[in-house]
Amino acid sequence: MTGSRVVALGHYQPAKVLTNDDLAAIVDTSDEWITSRVGIKTRHVGGPDEPVDELAAHAGAKALAAAGLQPSDIDLVLVATSTAIDRSPSMSARVAARLGMGSPAVMDINVVCSGFTHALAVADHTIRAGAATRALVIGADKMGDIADWTDRTTCVLLGDGAGAAVVTADPSAPDTPGGPGIGPVLWGSVPEMGNAVRIEGTPPRFAQEGQSVYRWATTQLPPIARKVCEKAGITPEDLAAVVLHQANLRIIEPVARKIGAVNAVIARDVVDSGNTSAASIPMALSKLVERGEIASGAPVLLFGFGGNLSYAGQVIRCP
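This one's a predicted model, so the numbers in the text were calculated from it and none came from an experiment.

Novice: I'd like to hear about the overall build of the protein chain, residue by residue, with values.
Specialist: In terms of regular secondary structure, the protein chain is built from nine helices and 14 strands. Taking 319 residues into account, the globule formula puts the C-alpha radius of gyration at 20 Å, and the protein chain, at 18 Å, falls close to it. In terms of overall dimensions, the protein chain has C-alpha extents of about 55 × 45 × 40 Å along its principal axes. Across the 319 residues of the protein chain, 59% fall into the buried class. In the protein chain, once contacts between residues fewer than 6 apart in sequence are set aside, the share between residues at least 24 apart is 75%. Here the protein chain displays about 12300 Å² of accessible surface, and carbon together with sulfur accounts for 50% of that area.

This is the structure we're talking about:
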C-alpha cells in the first residue's frame, strides 16, 4: 500500500462579520459575558444566497490552486458537513459540479464537529487501498442557518465557513516514525451521550448540554489525543502545532495544556470565527499555514470532537 499526504490547504468565510456587540442587540448578552465564557469575539455569517456548497467550493478552489492542480485531477471529493438541508444532490456532488470536475467519486460525511478528521482518514484509507490517487477533503458548515437566535447560550458560539485539503498518494512516504504523510487515525464515540449535542427538528436547530460536553472534552479527550501521537510514533513534545476543533476557548486551552504539547502553536481561530463545526479544523490549519506559523514538514496534531460525542484525530506533516 502507498502512503498519502496533505499537499495544500484553503479556506473561505462569508464577508459579513457579526460581533459580540451585534449579538447584544438581538439577545440578552454582552461582549464581556461572551468573551469570559467562550472566548469568542467575532464570527462570520453567510446570507441566504450563500449556500453551504458555495462556501465549500470557494475553499476547495483555493486548495486546488495552492496545490497547482486542476479540478479534473481530483478523483475523490469528500465533504464533511452537518448543515446540508437537501439529501440529494449531496454537498460533494454540488461542489464537484461547481468546480467543473470530471467524474470523481463523491460522498458527504456527517460526524458534525469531528467530520473533517473523519473525512481525512477516509481519504487516506481510500488512497492507501488504491481506490483513489488525489482527493479533495472539505469541512463546510453554515451554523448560522441552524442557530436558535433566541438562545444566548448557543447562538453566541456559532459561525459559518469552509476549509479544504488536497490529499495525494505518496509512494515515497509511507507512515513511519518521523516521516511525512498522514498518520494513523484514532477515532470513536460515546453513543450513550450522543444527545449532548443535537441538530434536530423542522426547521433544524442546534442545541447542546454545555456542561456535559465541557466535562467530557476536558477530562476524557487529552489521553486520547496523546494516544494519537503514540500511534504516529511521536511524543506531544515533538508537535509543532495542535489544531483542535474550535468549539470554545475554555475547552481548547485546557485540553491543549493536558495533551502536553509544550512546544506547539495552539490554534485559536475560534476567537475570530466562532464554532464552525466541521469547517473549524481545516480553516484554522489553513490560516496558520498561510501566516507561516508552521514549517513545512512539521508534525501537526489534528483532533476533532463533538456531536454524537464522537472524536477522531491524526498527526499530519504540514504541507
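Novice: So, the nonpolar core: which residues are in play, and what are the values?
Specialist: In terms of nonpolar packing, the biggest core is built from 49 residues, with L239, L244, L301, F303 and F305 touching the most fellow members. Of all the elements in the fold, those that place two or more residues in this core are α2 (31-38), α6 (210-232), β11 (241-244), α7 (249-259), β13 (299-306) and β14 (310-317). The biggest single contributor to this core is α6, with nine residues. Discounting residues that sit within four places of it in the chain, F305 has contacts with C113, S114, W216, A217, L221, L244, H245, A247, I251, S310 and Y311. Membership of the second largest hydrophobic core comes to 32 residues, among which are L78, A119, A298 and I316.

Novice: Lay out the sheet that holds strand β7 (residues 160-170) with the relevant residues and their values.
Specialist: The strand order across the open sheet formed by five strands is β1-β7-β6-β4-β5, and the pairing between neighbours is mixed. Each edge of the open sheet is held by one strand with a lone partner, namely β1 (3-12) and β5 (105-109). Each strand axis lies, on average, 20° off the axis of its neighbour in the sheet, ignoring direction. The strands touched by helix α3 (residues 52-67) are β1, β6 (134-142) and β7; relative to β1, the strand with the most contacts, the crossing angle is about 125°. Packing of helix α9 (residues 280-290) onto the sheet brings it into contact with β1, β6 and β7, and relative to β1 it is tilted by some 90°.

Novice: How would you summarise the pairing of strand β9 (residues 197-200) if you had to cite specific residues and measurements?
Specialist: Bridge analysis of β9 against strand β10 (residues 205-208) gives four bridges, and the strand direction is antiparallel. Within the sheet, the bridge partner assigned to V197 lies in β10 and is Q208. Between β9 and β10, which follow one another and run antiparallel, lie four residues, and G201 among them has a positive phi close to 95°.

Novice: Talk me through the sheet that holds β14; I want residue IDs and the actual numbers.
Specialist: Across the sheet, which stays open at both edges, the five strands sit in the order β8-β14-β13-β11-β12 with mixed pairing between neighbours. This sheet does not close on itself; its edge strands, each paired only once, are β8 (186-189) and β12 (265-266). Strand direction decides the pairing type here: β11 and β12, joined by two bridges, are parallel. Within β12, the position partnered with V242 by the bridge is I266. In this fold helix α5 (residues 115-128) packs onto β8, β13 and β14, with an angle of close to 55° to the strand it touches most, β14.

Novice: Describe the pattern of salt bridges, with residues and values.
Specialist: According to the stated counting rule, one finds eleven salt bridges in the structure shown. Linking R128 and D124 is a salt bridge whose minimum nitrogen-to-oxygen distance equals 3.0 Å. Residue R128 and its partner D124 are located together in helix α5, separated by four residues, close to a single helical turn. One salt bridge in this structure joins R268 and E253, with 3.1 Å as the shortest N-O distance. Of this pair, R268 sits in the loop between β12 and α8 (270-273) while E253 sits in helix α7, placing them 15 residues apart in sequence.

About the thresholds
Residues numbered from 1 in each chain as written. Predicted model: local features only at pLDDT ≥ 70, side-chain atom pairs only at ≥ 80, totals over all residues. Heavy atoms only, no water. Helix = DSSP H or I, 4+ residues; strand = E, 2+ residues; numbered from the N terminus. Rg over C-alpha atoms; globule rule 2.2 N^0.38 Å. Buried < 20%, exposed > 50% of the residue type's maximum accessible area, 1.4 Å probe, protein only. Contact = heavy atoms within 4.5 Å. Areas by Shrake-Rupley, 256 points an atom, 1.4 Å probe, with all protein chains shown as cover. Core = buried A, V, L, I, M, F, W, Y, C linked by side-chain atoms within 4.5 Å. Pairing = 2+ DSSP bridges. Axes fitted to C-alpha atoms, helices over the stretch in contact; angles between N-to-C directions. Salt bridge = Lys/Arg side-chain N within 4 Å of Asp/Glu carboxyl O.

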